Every structure is written in structure tokens, then in C-alpha cells.
Amino acid sequence: MSEDVTRQQRDKTLKVEEVEDLVSSDTEELAQKCSVSYKALFAIRRVLLAQHTAFPVSGADLYEELLSSTAILSTGNPSLDKLLDSGLYTGEITELSGGPGSGKSQVCFGVAVHISYQLKQSVIFIDTTGGLTAKRLLQMLQAETSNTEEQMEALQRIRIFRLFDVFTLLDCLRSLRSGGLQASVGGGSVKAVIVDSVSAVISPLLGGKQNEGMSLMIQVAGLLKTTAKDFNVAALVTNHVTRSGGGEVQPGLGVSWSHIPRTRILLERVEKAATIGCSSRRSATLIKSSRQPCHIKEEFDLQWWSRSAEGSSGKRKLDETDS
Amino acid sequence: ASLFQQEALQVAWRKGGGDEGEGGAEERGGGRGDEGGGGFVSLTALELLQKEEQLRSIVTFSSQLDGALGGGLPVGKTTEICGTPGVGKTQLCLQLAVDVQIPQCFGGVEGQVVYIDTEGSFLLQRVVDIASATVRHCSLLAEEEEQRVAMTTFTVETILSNMFLVRCHDYIELLAELHLLANFLSSHPRVRLLVIDSVAFPFRQHFDELSQRTRLLNGLAQQLIAMATNHNIAILMTNQMTTRLQGGQSQLVPALGENWGHAPTIRLLLHWMGPRRLATIFKSPGHMDSTVQYQITSEGFRDADQLEQPQSKRPRTHIDQSPVN
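Residues numbered from 1 in each chain as written. Chains lettered and ligands numbered in written order. Predicted model: local features only at pLDDT ≥ 70, side-chain atom pairs only at ≥ 80, totals over all residues. Heavy atoms only, no water.

*Asks:* How should the sheet that holds strand β3 (residues 93-98) of chain A be read in this particular structure?
*Replies:* One open sheet accounts for 9 strands, arranged β12(A)-β11(A)-β10(A)-β3(A)-β7(A)-β6(A)-β4(A)-β5(A)-β1(B); its pairing is mixed. On the outer flanks of this sheet lie β12 (297-301) of chain A together with β1 (43-44) of chain B, each paired with one strand and no other. Pairing of strand β4 (residues 122-127) of chain A with strand β5 (residues 158-162) of chain A, which is carried by 5 bridges, proceeds in the parallel orientation. When the sheet's bridge partners are listed, V123 of chain A is paired in β5 of chain A with I158 of chain A. With respect to the sheet, helix α10 (residues 166-178) of chain A is in contact with β4 and β5 of chain A, its orientation differing from that of β4 of chain A by roughly 165°. (Pairing = 2+ DSSP bridges. Helix = DSSP H or I, 4+ residues; strand = E, 2+ residues; numbered from the N terminus. Contact = heavy atoms within 4.5 Å. Axes fitted to C-alpha atoms, helices over the stretch in contact; angles between N-to-C directions.)

Shown next, in the form of C-alpha cells:
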């Protein structure tokens, strides 16, 4: 390949700098302009094409690979698992959208705690809103077990990044990819990447006279997708909501983003009274899925993650609220 | 951060002088150095837990509210107070601006405060009242030698001198001030609280395009939480209320739109129920939603008088309310 490189260096003088330029330009013309022979240029072109091409794979092989590499991670909450067809699938992006206070961050914490404690695998948590407190993670762990050592071990398996703008997010995702998604001290491999929330860093850039917002959004999406695919992790992102023309609540970031996640869930408060209440009930609606019929709804209680680990006592409110 | 913001920042640095400009750039890089510049600092949840345990919250002097918030206003997070006029938002802000300066030996944070006033509701005389009440309260509690020594420097004068007051008249001044604040915070590492009273007022005027307002607010929110995390300060904002019409019914909701609801980490709603004032936590990733009662006295923000029964026919005896610390 070094021969190729030196030749490419020479070609720079002819304004052929990128692989695309070399491949798309006329070989005869190039051979005339620079001192490289036509045959050599042809060979270089073939090698470059082979290097950069995507290989077709048979469906059977793909299916085998999928069966062996995809894992389904339970979220820890049976109602959500029912909606998600038993959990988060690795290799895919799942999106949780909802208004403020609808429980998106709580679900993310619950998923992180469940994966790190029950499944004993690592989680990467990227927090862009500042809503993550380790105390809350500890509270959720204390509901699972009262053994402090196990709690500390589980906490060590959650790796937290706190960043607040899209450029840092892109850098972070790129460095994670190039670093091979190394797990933290606690052992186990990384099984989930959670970004809470992706809309907080992208929505200041969308709309108006700015052109960069869309492209940055798609770059983030591309990085998440390839990371999920290459490293067999489940990507979970959260999104805000906006109101459509008819007053309907819909996930934010627009139509372009709506194609990115494979599965989308909309969380809402279950409000009984007209005032802002203190209920911890939430409803989750499946709005996009390739596996389940859409618009199925499940209700759950945010206190699921604060339930006590001990056996069912009559005083547990959760027995009647479990759907 | 869009290019426009970068250019504006450079102009601001250059105005500050050549050397300072470079120093400012370095400090800014240093401030963000945790996350930028090759290699990201990530914490495990365990390390974050240990970090959080070292942070103290800012007490509000209402033990019920402090209990609901898990100790008080959390440092390193953004909190928003919504409420109708007259319910006590500015009072709580002034109380917290004094409380952040309580010496560490009394369980306080011993920090300075930057108070950004956009409505002109900062009343110096009220601050003096609250400060004197707090000083009185602490001197009554002073038992150990360390506390007595601390009381000599904890006076109304020092409290006032540790408050940095900024008056912004419109949203452009507010945004500019917040941009320059990062430098200010680097040169004043003792600041532990930033109060913006109110964030709604400048953004409810002069906006023809609501989408531009939403974008600016989203950008503002990210800036604030970045400042809170990197400089370890608590940010407190007040918001006004507006009416939302939904299917023929009207409902009182916080202003600035639903999108703004995602911006603060914790949201408190102060509202009336009859003659009583109630504070409700309605958004918090770390605490349960709950409602507590409070009152505003001449000494500031306090717990409600526990024996007060609105329907009681017995004459109420006025009990001196001293908050449990």
C-alpha cells in the first residue's frame, strides 16, 4: 500500500486528493497528465474500490449472525418490557420521548441500574441535562439489594459522561468508538449506551437560519447506529415533545429524526385532576416499532424502582398498581 | 454553540485586554478541560456518588422544604421556581442568597452569590431584614469555638458584600451577561449560587418568532447546566405563570412554553390554597413529587406555623416560629 500512498501524494499536484477523485476521474486522462502508467493507475483504482466497497451478504448468513450476536436486555419494568417485546434489543436505537417530568430520566436510570446489577454488565450513560444524581442510582440499587458491596460493584459498572453541547457529544462518541468501548473497572462488557437527552443538545441548533443543526443531528444518529451495530450494544436515547398543529403531543426533533430510532415510546403523566398533581403513574405508548402493533399502551408506576426488595407485604401499594 | 456566539465571545475577550483575553481562553479551555481536549473524563457512578456526598445543599430555612429536597437546594443543578405574582418567589430567592453564605461550621455552604435581576424586584431593605434574622439565628446556635469565630465574620455587612448584583434590562443583556459569567466564575471561585430573577420576564417581550425564542432558551438552558456542573454552583431561576387553553378549559401553567420545562433539573411550584401557601416539587429526577406548606414572615422564608388550623374556631396563640436547623 505504500506505493499507493506515494502515488497518491504525487497525484495531489494534479488536484486528485481524495479517493473519490481518483476513482471517478478518467483514468486515461490521468495517465496522460502524470507520469504513472495507465496499467498502474488502473490497478490502484481497483484496489481502492475493493478496499472501500461493501460486500453483499446472504440473508441466511445475516440471520445467523443476528441470532448469535443480538441480545435482548430487559428494562427491569415488566410493563415496559411488554411494550418493547421483552426489552431493549442490541444493535438498535430505542427512543423514549415525553414532556417534562414524564419519567424519561427515571426509566433511563432504572435501565442502567437493572443492567449493571441484574445482568452484571457495564453501561455507558451520557448525561446532557444534569439530571443524573448518583444518589438516585443508589436508591434504586437499594431497592434491589441491601448488600452494600454489591451496590458499590453495580455502581462501578455504570460509566458516566457529563457533556452539554453537541460537539462534545460527537467527540465523545467518536472516542468511545475508537477506544473500543472499554468497560470500566467492574468487569463485564458494555451492553448499553444511554444518552439523556439527545434533544437538549441538538434542538438549540435546529431551525431558523442555521444550516448546521440537521447535519449535526444526522452525524450523532450515524455514530450511535454504527456504535450499536459494531459493538452489539443497545442505544437508548431520550427526546422532548412538541405540540403539532392539532394540539397533539408528538416527539421532538422533527421528521428527519423520526426515522432514526427503531422503536419509539411516548411517556405521559396520567393526570386525574386538572391541576399539576403529585401522582407517580405514567403511561407509555408505543408509537413506532417493527415488532409490535403500534399505539399499544401500558401504564406503570415510577415507584416501581423504589419498591422494597423484601417479599410482598400487604402494605405494598404496587400490588394493585401493577398492570 | 453557533459561530455567532464564538465571534461575540472573541470580541468580548479582546475588549478585556490582550493578556486577559488569552488567559480567558485558557481558563475557558480549562473549565471545559474535563470533557474536551483529547480524552474524556468519565466517572463511574461510584465516584460520582463520592463527589456528591461532599457537596452540601443550600438550606432554605423551611425544614419541610429542605426535607422534601433532600437537604436543600442542590449545588450543581438548575432549579426553577414558578408561581403567580406575590406568592413568594423573590422572597425565596433572597432567602437563599443569604443562606448560601452561612459558614460551613453551621452546616452551610459559605459561598458568594451572583444575583441577576431582570424585573427590578431586588429590594435591599428586605435583604437586610433577612440577613439580620439569619445572623441572629446563627449567633443563637453558636456553641463551639469555631462557630463563635465564624460569627465574627458573618455579619450583615459581609453578607451584602458577598452578593454580586447585576441588573439586566432585556434578553440580549441577559444572554451577554451569561456568556461573560463563565470568566467571572473562574476568577471568583467562591461563588456557589446564581440567581436569575426572573428568566421569564425578558423572554416574554419583543419576540415575533416564537421558534427563535425556543432556540435561544434551549441554548440558554444548556449553557446554565454546563456552568452549574463545571463550576459547582447552584442555579436558581424564577418563572412566571401563564394560562393554557385546552379544549375549552383553561389551566395555569408555567410560562415560556413546554419546551422550557425540560431545561431546569428541578421545578418547584409555589401556589395558594385558600390562605395557605404551598410549595410543590413537580419535576425532580432525584426526589419524589411532594407538597409542603410554608410562610413568609418578616424574617424571611419559613416553615408554616404547624398549629395553624384554618377552620379552627379557637383563638390562635401566636407562637414564635424558630426554624429547626
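*Asks:* Hey, could you run me through the sheet that holds strand β3 (residues 112-117) of chain B in this one?
*Replies:* Strand pairing within a sheet occurs via backbone hydrogen bonds; the two strands may be parallel or antiparallel. All names here are of chain B. On the basis of which strands lie adjacent, the open sheet formed by 9 strands has the order β4-β3-β5-β6-β2-β9-β10-β11-β12 and mixed pairing. Of all the strands in the sheet, just β4 (163-167) and β12 (300-303) have a single pairing partner and so form its edges. When the angles between neighbouring strand axes are averaged without regard to direction, this sheet yields 25°. Of the pairings in the sheet, the one linking β3 to strand β5 (residues 191-197) comprises 6 bridges and is parallel in character. From the neighbouring strand, V113 faces β5, where its bridge partner is L193. Sitting on the sheet, helix α9 (residues 171-187) is in contact with β3, β4 and β5, with an inclination near 175° to β5.

*Asks:* Please explain the environment of V113 of chain B as it appears in this structure.
*Replies:* All names here are of chain B. Relative to the helices and strands, V113 resides in strand β3. When the C-alpha atoms of V113 and S132 are compared, they prove to be 17 Å apart, with 19 residues separating the residues in sequence. Excluding residues that lie within four positions of it along the chain, V113 makes contacts with A97, V100, Q101, N162, M163, F164, L193 and V195.

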